[in-house]
Amino acid sequence: MRTYTNNEKRYQAACEVIPGGVNSSLRRCWPYPVFVRSKGAVITDADNNEYIDYHAAFGPNVLGYNDDAVDAAVSQAIEDIGLIGVGTTEQEIQLAQKICQHVPCAEKVLFSNSGSEATYAAIRLARAVTSRKKIIKFQGAYHGWHDYLAMNVISAPEKLGERDPLSAGSLPEAIEQTLICSFNDLDDVEDTVRAHKGEVAGIILEPILHNIGCVLPQPGFLEALREITRREGIVLIFDEVITGFRHGLGGYQKICGVTPDLTTLGKSMANGYPISALCGKRELMDRFRTHPDGDVFFAGTFNGHPVGCAAALATIEVLERESTYPHLFGLGERMRKELSEIISRLGLKATVAGFGSVFLTYFLEGPVRNYSDLLRNDAALFVKYRKDLIQRGIFKLPMNLKRNHLTLSHTEEQVSRTLEASEDVLQRLVKQPVAAGARESQS
Ligand SMILES: Cc1ncc(COP(=O)(O)O)c(C=O)c1O
């Protein structure tokens, strides 16, 4: 029997000094976990409860927590160099070279520390090079916390079709410049571009819509976006903060064969250490004021920090091994296949989705092409399933539509245990349907 006494005490202590007890809006989670250790695929809370983890901190840990090689590289970097903050470091050069080697659109690279900083810089650059103001994003996508893009992620049904900012205090003038389209809906994109002819600076998208689980682009969608943006002089930005490095060294653009003008990277790039990148075509990137002829301001005290660079270089070294992606994708395929088998055995109305190391079960009948399709998901069942799994030591974020991640450190045995627990929990839930009242509880 798991107890949570220390978790609760420490959570109360956290709430005294941290608003809501957590440092990021989506980290608040039942039943008040306070984590004290992580290694490989296992995380441990303040009551020494262990969990096989599939949250992976929203995605960064692609090799597993506390990877020895990455941690050793970080220790070495700390010994060799702190933060110098003038000129550049050897680590920054080497990492930029690696990204240019692997990512198709990358001719030049700039580093920052979070995905939000990278997408902010991408939007600023797109506006500068086009002398236009408007940006198109897709319903369900998340690109960071800034006013330019923090809107229309998991919107209430009545908010669809209008601006739905994530935050009070957002600047209305910034929100107004962002246009929302439906993913996989080319007519919507064409109509929007036509209605704002000559005004759209950039289209930004997650090439796989992972912030609402896993919604894949339909054949031809990304190619058509490339064509439209070329035709209309719009900057095409792939936000590969999740897909980059997790699905392949060259990001999803290498897999799908569509090369954007700019790409943002983060998360898996450094297996849990903070670093992000914006890369793209030389003529665009040289507009940044880091270049002597540039006029687009780009700055940050901690940009290109040796710790993040060393962690990224060590992570990429592991990802470059021939066996890495086949192993990650193999685990993902097994998980999806066997979860689908469980669902058909139990006769559940559910759809297993995923790509590579990402997987999740939606409680709806497919197909899933965009956010509107996901309004049919049984959110109460989705969350209850995950809460019950947590009680059995399997950690999947108990929040509607959130994806799960496998890492290189997950073993076949851990996958087997997860599948057994999943079948058991689902079987019980089939027998005892989730109460209608629980439908309101989505986190
Ligand atoms: C696709 C995508 N872009 C950008 C971001 C923002 O990254 P960060 O949280 O590092 O600012 C996220 C974060 O989840 C993301 O999923």
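Residues numbered from 1 in each chain as written. Predicted model: local features only at pLDDT ≥ 70, side-chain atom pairs only at ≥ 80, totals over all residues. Heavy atoms only, no water.

Undergrad: Would you mind going over the pattern of salt bridges with me for this structure?
TA: Pairing is possible between side chains that carry opposite charge, provided their charged atoms lie close to one another. One pass over the full model with this rule turns up 20 salt bridges. Put simply, Glu 190 and Arg 231 hold a salt bridge, and the shortest N to O gap is 2.8 Å. Of this pair, Glu 190 sits in helix H6 (residues 186-195) while Arg 231 sits in helix H7 (residues 221-232); the two residues are 41 residues apart in sequence, bridging distant segments of the chain. Exposure remark for Glu 190: the relative accessible area of 22% places this residue in the partly exposed category. In this structure, Arg 334 and Glu 412 form a salt bridge, with 2.7 Å as the shortest nitrogen-oxygen distance. (Salt bridge = Lys/Arg side-chain N within 4 Å of Asp/Glu carboxyl O. Helix = DSSP H or I, 4+ residues; strand = E, 2+ residues; numbered from the N terminus. Buried < 20%, exposed > 50% of the residue type's maximum accessible area, 1.4 Å probe, protein only.)

Undergrad: I would appreciate a short explanation of the layout of surface pockets in the present structure.
TA: Empty space among the atoms can be located by rolling a probe the size of a water molecule over them. By volume, the second largest pocket amounts to about 660 Å³. Breaking the lining of the second largest pocket down by element, the ones donating at least two residues are helix H3 (90-102) and strand E4 (108-112). A class-by-class count of the residues in the lining of the second largest pocket yields 13 nonpolar, twelve polar and three charged. (1 Å grid on protein atoms, 1.4 Å probe; cavity = no way out; pocket = protein on both sides within 12 Å on 5 of 7 lines; lining within 4 Å. Points joined across faces, edges and corners; volume = space filled by probe spheres on them. Nonpolar A, V, L, I, M, F, W, Y, C, P; charged D, E, K, R; others polar.)

Undergrad: What is the right way to read a nonpolar patch on the surface from this model?
TA: Residues Tyr 142, Trp 145 and Leu 166 make up a contiguous nonpolar surface patch of about 350 Å² in total accessible area. Tracing the sequence through the fold places Trp 145 in the loop between strand E5 (134-138) and helix H5 (172-176). A relative accessible area of 59% places Trp 145 in the exposed class. (Patch = residues over 30% accessible without salt bridge, like charges linked within 9 Å, V, L, I, M, F, W, Y side chains within 5 Å. Areas by Shrake-Rupley, 256 points an atom, 1.4 Å probe, with all protein chains shown as cover.)

Undergrad: Help me understand the sheet that holds strand E10 (residues 276-280), please; the structure alone is not making it clear to me.
TA: Across a sheet, strands are paired by hydrogen bonds formed along the backbone, either parallel or antiparallel in direction. One open sheet holds the seven strands; their spatial order is E4-E10-E9-E8-E7-E5-E6, and the pairing between them is mixed. Since the sheet does not close on itself, it has two edges, and those belong to E4 and strand E6 (178-181), each with one partner. The mean angle between the axes of side-by-side strands here comes to 20 degrees, regardless of whether they run parallel or antiparallel. Bridge analysis of strand E8 (residues 235-239) against strand E9 (residues 262-265) gives three bridges, and the strand direction is parallel. Across the sheet, Phe 238 pairs through a bridge with Thr 263, a residue of E9. Where helix H4 (residues 115-130) meets the sheet, its contacts fall on E4, E5, strand E7 (200-205), E8, E9 and E10, and the angle it forms with E8 comes to roughly 175 degrees. (Pairing = 2+ DSSP bridges. Axes fitted to C-alpha atoms, helices over the stretch in contact; angles between N-to-C directions. Contact = heavy atoms within 4.5 Å.)

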